[in-house]
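# Fold and contact review
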Amino acid sequence: DKGIQQIEIEKLKWKLKRVYIELGEYIYTSNTNKNIFDYSDDENFILLLDRINRIKNIIKQKKK
């Protein structure tokens, strides 16, 4: 049971890493192509942050 839980946590960490990469690429592209520096009203940016927070919370819950 612990082994399966650890595999699930590692999968979530891998998914989290992919979302971080996606966020970085989005920021880089927005900055270079559109000269965007303020993301406070950017819906895609906010959605990416929400995905990161959700995955982090799930990882925390599974570690308990």
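Right above here is the structure, for reference.
Here is a short report on the structure shown in this document. This is a predicted model, so every value here is computed, not measured. (Residues numbered from 1 in each chain as written. Predicted model: local features only at pLDDT ≥ 70, side-chain atom pairs only at ≥ 80, totals over all residues. Heavy atoms only, no water.)

A few words now on the environment of Leu 47. When you line up the elements, Leu 47 lands in helix H2 (residues 43–63). Between the C-alpha atoms of Leu 47 and Leu 23, which are 24 residues apart in sequence, the distance is 9.8 Å. (Helix = DSSP H or I, 4+ residues; strand = E, 2+ residues; numbered from the N terminus.)

The terminal C-alpha atoms of H2, which comprises 21 residues, lie 31 Å apart, in line with the 30 Å expected from a rise of 1.5 Å per residue. Those residues of H2 not exposed but buried are Phe 45, Leu 48, Ile 52, Ile 55 and Ile 59. When H2 is viewed along its axis, its buried side chains cluster within an angular range of 95 degrees and face the same direction. For H2, the exposed residues lying more than 90 degrees away from the buried face are Glu 43, Arg 54, Lys 60 and Gln 61. (Expected span 1.5 Å × (residues − 1). Buried < 20%, exposed > 50% of the residue type's maximum accessible area, 1.4 Å probe, protein only. Arc of directions from axis to C-beta.)

At their nearest, the axes of helix H1 (residues 2–34) and H2 sit 10 Å apart, and the two run at 160 degrees to each other. By the angle between their axes, H1 is roughly antiparallel relative to H2. Between H1 and H2 the crossing geometry is left-handed. Residues of the contact of H1 with H2, tallied by class, amount to 15 nonpolar, 2 polar and 8 charged. (Axes fitted to C-alpha atoms, helices over the stretch in contact; angles between N-to-C directions. Parallel < 35°, antiparallel > 145°, perpendicular 65-115°, else oblique. Left-handed = near helix turned anticlockwise from the far one by under 90°. Nonpolar A, V, L, I, M, F, W, Y, C, P; charged D, E, K, R; others polar.)

This part is about the nonpolar core. The biggest cluster of nonpolar side chains holds 12 residues, and these are Ile 9, Leu 12, Leu 16, Val 19, Leu 23, Tyr 26, Tyr 39, Phe 45, Leu 48, Ile 52, Ile 55 and Ile 59. Secondary-structure elements contributing two or more residues to this core are H1 and H2. Apart from residues no more than four positions distant in its own chain, Val 19 is found in contact with Leu 48, Arg 51, Ile 52 and Ile 55. (Core = buried A, V, L, I, M, F, W, Y, C linked by side-chain atoms within 4.5 Å. Contact = heavy atoms within 4.5 Å.)

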